[in-house]
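Residue-level listing of the chains:
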Protein chains: 2
Amino acid sequence: SGAAVESLDYEVIENYAYREEQAKRSKFWVPYYIMLKWLFSLLIGVGTGLAAIFINLAVENFSGWKYAATFAIIKHSYFVGYFVYTLFNLALVFSSVYIVTNFAPAAAGSGIPEIKGYLNGVDTHGILLFRTLVGKIFGSIGSVGGGLALGKEGPLVHTGACIASLLGQVTCGCAAGVAAAFRAPVGGVLFALEEVTSWWRSHLMWRVFFTSAVVAVVVRSAMNWCNSGKCGHFGAGGFIIWDISGGQEDYSYQELLPMAIIGVIGGLLETPIESSFLAYGKQCSLSDAHTNPEKVSIGFTPGALFNQLTLYITKWRRTYLHKKGRRVKIIEACLISLLTSTISFVLPLLRKCSSCPEVEANSGIECPRPPGTDGNFVNFYCSRDKEYNDLATIFFNTQDDAIRNLFSAKTFHEYSAKSLITFLVMFYSLAVVTFGTAVPAGQFVPGIMIGSTYGRLVGMFVVKFYKKLNIEEGTYALLGAASFLGGSMRMTVSLCVIMVEITNNLKLLPLIMLVLLVSKAVGDFFNEGLYEEQARLRGIPLLDSRPKQIMRNMNAKDACKNQKVVCLPRVSRVVDIVSVLQTNKHNGFPVVDRGQNGESLVIGLILRRHNFSDFVKPASSKGKSIDDIHLTEDELGLYLDLAPFLNPSPYIVPEDMSLAKVYNLFRQLGLRHIFVVPRPSRVVGLITRKDLLLEE
Amino acid sequence: SGAAVESLDYEVIENYAYREEQAKRSKFWVPYYIMLKWLFSLLIGVGTGLAAIFINLAVENFSGWKYAATFAIIKHSYFVGYFVYTLFNLALVFSSVYIVTNFAPAAAGSGIPEIKGYLNGVDTHGILLFRTLVGKIFGSIGSVGGGLALGKEGPLVHTGACIASLLGQVTCGCAAGVAAAFRAPVGGVLFALEEVTSWWRSHLMWRVFFTSAVVAVVVRSAMNWCNSGKCGHFGAGGFIIWDISGGQEDYSYQELLPMAIIGVIGGLLETPIESSFLAYGKQCSLSDAHTNPEKVSIGFTPGALFNQLTLYITKWRRTYLHKKGRRVKIIEACLISLLTSTISFVLPLLRKCSSCPEVEANSGIECPRPPGTDGNFVNFYCSRDKEYNDLATIFFNTQDDAIRNLFSAKTFHEYSAKSLITFLVMFYSLAVVTFGTAVPAGQFVPGIMIGSTYGRLVGMFVVKFYKKLNIEEGTYALLGAASFLGGSMRMTVSLCVIMVEITNNLKLLPLIMLVLLVSKAVGDFFNEGLYEEQARLRGIPLLDSRPKQIMRNMNAKDACKNQKVVCLPRVSRVVDIVSVLQTNKHNGFPVVDRGQNGESLVIGLILRRHNFSDFVKPASSKGKSIDDIHLTEDELGLYLDLAPFLNPSPYIVPEDMSLAKVYNLFRQLGLRHIFVVPRPSRVVGLITRKDLLLEE
Ligand SMILES: Nc1ncnc2c1ncn2[C@@H]1O[C@H](COP(=O)(O)OP(=O)(O)OP(=O)(O)O)[C@@H](O)[C@H]1O
Ligand SMILES: Nc1ncnc2c1ncn2[C@@H]1O[C@H](COP(=O)(O)OP(=O)(O)OP(=O)(O)O)[C@@H](O)[C@H]1O
Ligand SMILES: [Mg+2]
Ligand SMILES: [Mg+2]
């Protein structure tokens, strides 16, 4: 799969053209450049905010109409209702998978692993194109509106990154995406910082923060504008997505044990789902890039039923999908849509309704909920008036509303354990099966769904066990969600802030922290984070922030022991250069020359794509292979001086530097090539802090 | 001032001893090491939490007793009351300044600039010693309890860093300090990340986060334990310091203009106070380190009255303090204490009382407040019963309570503009005068005081202007505080999160962001952040995260143009080494040797303090100068082989690499020395991403 990815150059290539450009710059260039960057940040914020509003508006209106229509029809016939509901979902999912498979294959999946790779220094083909952006926006409307077990948050991060990449600031875009998806500006900044970027500069923080703030303002303004019903079903929930600020305020020490247990469950439960995600991820990369099928069995941790299950599905899928192309992907997505619709409609039908609880007059809770509203206590296929169907409340609902209902406070015993377990098992299975279909898909919201379901189960148990009435089941649902996400994504600070911002309950911060710490620790014991594993399976070679332990005992020379370095002379015939480039696939070549005294001298590094800057414009040469450049006989006979195009001062290390130090250099500076050179014969100068304290 | 500071070595010195140690390590070493680090993080969290509780407990009880006693006495005689109040303050301030001047001079001031310097790579003498820790804890109890116009938050960060430095993890300590000071764990992590550290590794975040979480749990547990009055006056305010979650929920677009104006005021107003801080900072560094007095006029921005004022005070102070020593510092602090006590007691006396507003029955507000409670509407020198003294409410009160009163909601028109302006002017002046005395002093709380006062003033104006009743003056006070801190400290994300965490009002997040952005932008237009300026004045050479613009047009060789590099041969007589070390003050020397063919070869870098590792134990040689090591004639005649002690592979750069790239290397990796070498003659190998993807 190495064909699809290529390293990025973050290094400034100080060649002739660059120096000339630097010299030409007027003294207004720096302020102009800064202004431009800030303007771009503003545009990214506005763009991502608008994209998020558009997606949300479309998704919530589609779902709103769908459920309104279905609820209206089932008054007359449940069968017709089922039919309409299923068809509506199918149409949306079909549109999504059709767009993705035909126009923007890179828009499938969440996109976060690829963005992470990009910011780590690896470019995946097509991941930040404009067509990917368009495919992602429209594709995620279809897949989320179509009721599949996936979320729109990951795709929104990808959308933000695509918008930002048009203006050259991918990090800002990631932050903007999270800020827009969760309406969590601080969380967005932290997400970009903790989870995505590999090289963080503190001056970046300030601009990323600005972008997030812009997103928050744009989204809030739009929601205010929509408040009076101008936007249909959109904007009902308010700026805070799942507000539980009215919930549990305090907690006793006895509760810490069940909370820690939630953390452990999160760490454990994600393992199978992650592995199954892995399986699908692998399937994707397999069908796309034709890697060695033998490797499939790696990603699995033992002992989990789901693993086996997904292994079979994967195998079946692979052998099937492998042969046919696009069309099978479309059919697969449609089948999964049918399955999802059927399960979410039929299962609640089979469930007996419960009678409504006694509620106080002004508690704001109505049972059953009035028609046309979103809320708890859905009346679905109930024989009597004062009854509600607890499974329909979470299953036959949009995911946002379902989570709101699971988080809700002052609704003791709303759910029976049986319903929650049914839902947990079925939704978990659906999430596993859905993952890997060719539609834009995020894992945040499914994770919150699953986590809050088992969290609420634990909460019910705690309420029963401690018989203390100021325990809220909703709080446990929130902690469950945090634990599941913490166990799968392994983000700590950012996830914590996101959870606080989406629920608006700062008092729970220490509890969320505790749960996240436990679930991450448990998860880390078994495997890497979800995004890292996904990236690896897609053949994106991420560099960890720390060198491996064995690197401490290795030298730079050991890392390139069997290498015969391919160099280019400073001046040579075009035909010779072409033959060197054709005989290997390296992307960088040291250029050597003769010094004044005839001794050999390394004068720089030339990139493959810079070799023919004379013939091909540098911008268009990107991605162009040597075989695509057709040169005439005359041109082949010319002599070419590489000096103006090369990078005259790549970073160098002495051959006996430990590989750990080399790694740090490579990783911290975001390099692509390092020259290993013999020990120098003398020191021309010595640079210390004092030498770098120049005054401008 | 170069004598007091020295660069730190973050680089691993892979000498003989290190390699031997690495080789000796068993395979349990890595898990053991990780466990140890986590244990240390836990200990740092617990330690900082306990230190914070101790300081808070002491300060709040001292202040509590003080005000209780004073209020009891003034029923009989205002004169005796004044006397007792002043004496109490004086005793506390005296104890503080006495401890600091006699035992822990490095404990004076906030300590944050020094910590920032430390994490940027510069060690200030004595800043992280155990005695500094003790001096800081007891000193800040005296200075804060003694009612001076300074805060305990900066000192707590320093305390945390000292505790952490005992265990080798200064970054964790900073985060723990902020987490403890503001009870803001997430804010603490961000503060450490944004404001303090220069090199951030993402795996650090997770441990810093853990430490903050531990602090939060420790502090919360202690406050719960104290809740029932077991700890005297401590813990009355609850975990959230200045809870305004009941305040203004929404805002209209017309309000954005006054809010932006607050931001501008914050940016402008900090300029004079910062400059005056500078003046004092300078005075400190002047009296301590005898720098060139000509430089004093740099830090001032034109046009501010305060600048002139503080310039005079500084000059007077300098010429005076310069001659005498410790005793003058003590007298100075005591005089300032007398001044502060007098102003805060007498000014409210001169103010006419206002009559109490009509309050609804169950609004929880009482006017005047009952004796022995903390709250609004203080009855101080009022002739009638149903009256309160608005100036006393903020001035004759602890700073925490004063801020709570300024932030308070549903207390329209509590303060008259005249009182607020009086307070603003007097407190601002006191803060300016107090800064630079030899006591532990933070700038957070004074900043919040000043900012919330003018914020509330603007709020009063807005209420009057827009005549809209759901505008809360307290909200404007909060925004004012944010703007002042943003204008002075220039932190964005961390300050934002800290403000949200200390007030528990997430809904105001976008507004706080807006205000911070404006105030930072305005402030940046005039000067650098407070901590950077302070650090510079104390002779701590901080390296910015970005290279200066001119560095792009310079080469590595230009940076060391006039250098005659002092090298050491691999084997030489001790007497020769001694004479080299005595003729210069450099801290690092290239070591040269002859290769097999007789050509010269640079074999590494030796640090000054490693030269005599044979004679002096390395640990104790730190800080020992060459003149302190007494060697016998025999020893001087010995031959010494430097090979086992040197760093065999320092980072090297070719001589024509641009200085900007060298700067990045130096700054990102936290180096102390870089060798500038001639272009290499050949490339031994080429390292790319693929070569670094080793599997363990
Ligand atoms: N000029 C060269 N001469 C000899 N070996 C080289 C040369 N350039 C690279 N190599 C080696 O060949 C392997 C692959 O090199 P390549 O340039 O493809 O790097 P890469 O890690 O795949 O990154 P990229 O995305 O830049 O291709 C590496 O092990 C590298 O050390
Ligand atoms: N061995 C050396 N030979 C020649 N010049 C040197 C040598 N070491 C340092 N210098 C130069 O002398 C100046 C001061 O060097 P010094 O070693 O004191 O560094 P510094 O920046 O003060 O940091 P430190 O805190 O390590 O002392 C710098 O300009 C540096 O380039
Ligand atoms: Mg390659
Ligand atoms: Mg020096």
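Refer to the preceding data block for the structure.
First, a word on what this report is: a plain description of the structure on this page. (Residues numbered from 1 in each chain as written. Chains lettered and ligands numbered in written order. Predicted model: local features only at pLDDT ≥ 70, side-chain atom pairs only at ≥ 80, totals over all residues. Heavy atoms only, no water.)

A word on the overall build of chain A
- When helices and strands are counted, chain A shows 25 helices and 12 strands.
- A total of 696 residues make up chain A; the buried ones form 60% of that total.
- Of the contacts formed within chain A by residues at least 6 apart in sequence, a portion of 77% connects residues at least 24 apart.
- When the accessible surface of chain A is split by element, carbon and sulfur atoms take 61% of a total near 27,900 Å². (Helix = DSSP H or I, 4+ residues; strand = E, 2+ residues; numbered from the N terminus. Buried < 20%, exposed > 50% of the residue type's maximum accessible area, 1.4 Å probe, protein only. Contact = heavy atoms within 4.5 Å. Areas by Shrake-Rupley, 256 points an atom, 1.4 Å probe, with all protein chains shown as cover.)

Quick word on the side chain of Asp390 of chain B
Residue and element names in this part refer to chain B.
- Structurally, Asp390 is set in helix α13 (residues 390–395).
- Using a relative accessible area of 0% as the deciding quantity, one classes Asp390 as buried.
- Side-chain polar atoms of Asp390 contact the side chain of Arg351, separated by 3.3 Å.
- For Asp390, the side chain forms a polar contact with the main-chain nitrogen of Ser416, separated by 2.9 Å.
- Each residue touching Asp390, except ones within four places of it in the same chain, is listed here: Arg351, Glu414, Tyr415, Ser416 and Ser419. (Polar contact = N/O pair within 3.5 Å; in protein donor to acceptor, adjacent residues only side chain to side chain.)

Some thoughts on the packing of helix α15 (residues 417–434) of chain B against helix α16 (residues 444–466) of chain B
All names here are of chain B.
- One can describe the packing of α15 onto α16 by two numbers: an axis separation of 10 Å at closest approach and a directional angle of 155°. As far as their axial angle goes, α16 and α15 are roughly antiparallel. α15 and α16 meet at a crossing whose hand is left-handed. Residues Ala417, Leu420, Ile421, Phe423, Leu424, Phe427, Tyr428 and Ala431 of α15 lie in contact with α16, whose contacting residues are Pro446, Met449, Ile450, Thr453, Tyr454, Arg456, Leu457 and Met460.
- For the contact of α15 with α16, the per-class residue count stands at 14 nonpolar, one polar and one charged. (Axes fitted to C-alpha atoms, helices over the stretch in contact; angles between N-to-C directions. Parallel < 35°, antiparallel > 145°, perpendicular 65-115°, else oblique. Left-handed = near helix turned anticlockwise from the far one by under 90°. Nonpolar A, V, L, I, M, F, W, Y, C, P; charged D, E, K, R; others polar.)

Description of the state of the cysteines
Residues and elements named next belong to chain A.
- Per the stated rule, a full pass over the model turns up six disulfides over all chains.
- Two residues share a disulfide in this structure: Cys226 and Cys231, whose sulfurs sit 1.9 Å from each other. Taking the torsion about the sulfur-sulfur bond, which here is approximately -80°, the covalent link between Cys226 and Cys231 counts as left-handed.
- Disulfide pairing places Cys353 opposite Cys382 at an S-S distance of 2.0 Å. Between Cys353 and Cys382 the sulfur-sulfur dihedral comes to about -80°; the bridge is accordingly left-handed. Taken as a pair, Cys353 in the loop between α12 (326–350) and β3 (354–355) and Cys382 in the loop between β3 and β4 (387–388) lie far apart in primary sequence, 29 residues in all. (Disulfide = S-S within 2.5 Å.)

Quick look at the site of ligand 2
- Around ligand 2, 17 residues are found, and the nearest of them are Asp691 of chain A together with Ser7, Gln563, Asn587 and Arg672 of chain B.
- In this structure, ligand 2 is bordered by residues of chains A and B.
- For ligand 2, an oxygen atom lies 3.0 Å from a polar atom in the backbone of Leu686 of chain A.
- One of the side-chain N or O atoms of Asp691 of chain A is found 2.5 Å from an oxygen atom in ligand 2.
- Here ligand 2 loses 87% of its free accessible area of 600 Å² to cover by the protein chains.
- Contributions of two or more residues to the shell around ligand 2 are made by β1 (5–7) and β7 (588–594) of chain B.
- The residue inventory of the shell around ligand 2, partitioned by class, reads four nonpolar, six polar and seven charged. (Near = heavy atom within 4 Å.)

What about empty space enclosed by the protein?
- Enumeration over the complete set of coordinates arrives at 15 cavities of 30 Å³ or more.
- There is about 110 Å³ of room inside the largest cavity.
- In terms of lining residues, the largest cavity is bounded by Val186, Val497, Val500, Glu501, Leu506 and Leu509 of chain A together with Val186, Val497, Val500, Glu501, Leu506 and Leu509 of chain B.
- Only α18 (493–503) of chain A together with α18 (493–503) of chain B provide two or more residues apiece to the lining of the largest cavity.
- Partitioning the lining of the largest cavity into residue classes produces 10 nonpolar, no polar and two charged. (1 Å grid on protein atoms, 1.4 Å probe; cavity = no way out; pocket = protein on both sides within 12 Å on 5 of 7 lines; lining within 4 Å. Points joined across faces, edges and corners; volume = space filled by probe spheres on them.)

Some points on the sheet that holds strand β8 (residues 600–607) of chain A
All names here are of chain A.
- The strand order β5-β7-β8 describes an open sheet built from three strands, whose pairing is mixed. Across the chains shown, the open sheet's two edge strands, defined by having one partner strand only, are β5 (568–569) and β8.
- Bridge count between β5 and strand β7 (residues 588–594): two bridges; the pairing is parallel. Bridged to Pro569 within β7 is Val592. (Pairing = 2+ DSSP bridges.)

Considering the relation of the copies chain A and chain B
- Note on the identical chains: chain A maps onto chain B by a rotation of 180° and an axial translation of 0.0 Å, with an RMSD of 0.0 Å. The symmetry that links the two subunits is that of a two-fold axis.
- Same-surface contact between copies: 100% of interface residues of chain A are shared with the interface of chain B. (Least-squares fit on C-alpha atoms with pLDDT ≥ 70 in both.)

Details of the packing of helix α17 (residues 473–489) of chain A against helix α19 (residues 509–526) of chain A
All names here are of chain A.
- Viewed as axis vectors pointing N to C, α17 and α19 meet at an angle of 35°, and their least axial separation amounts to 8 Å. Between α17 and α19 the crossing geometry is right-handed. Here α17 contributes Leu478, Leu479, Ala482, Ser483, Gly486 and Gly487 to the contact with α19, which in turn contributes Leu511, Ile512, Val515, Leu516, Ser519 and Lys520.
- The class makeup of the residues in the contact of α17 with α19 is seven nonpolar, four polar and one charged.

Remarks on the sheet that holds β7 of chain B
- Taken together, three strands build an open sheet; the order of strands is β5-β7-β8 (chain B) and the sheet is mixed. For this open sheet the edge positions go to β5 (568–569) and β8 (600–607) of chain B, each flanked by a neighbour on one side alone.

Some points on the site of ligand 1
- In the vicinity of ligand 1 there are 17 residues, among which Ser7, Gln563, Asn587 and Arg672 of chain A together with Asp691 of chain B approach most closely.
- This site is not confined to one chain, since residues near ligand 1 come from chains A and B.
- In this structure, an oxygen atom belonging to ligand 1 sits 2.6 Å away from a main-chain N or O atom of Ser7 of chain A.
- If ligand 1 stood free it would expose 600 Å²; the protein chains cover 87% of that surface.
- Each residue belonging to the shell around ligand 1 can be placed in one class, and the counts come to four nonpolar, six polar and seven charged.

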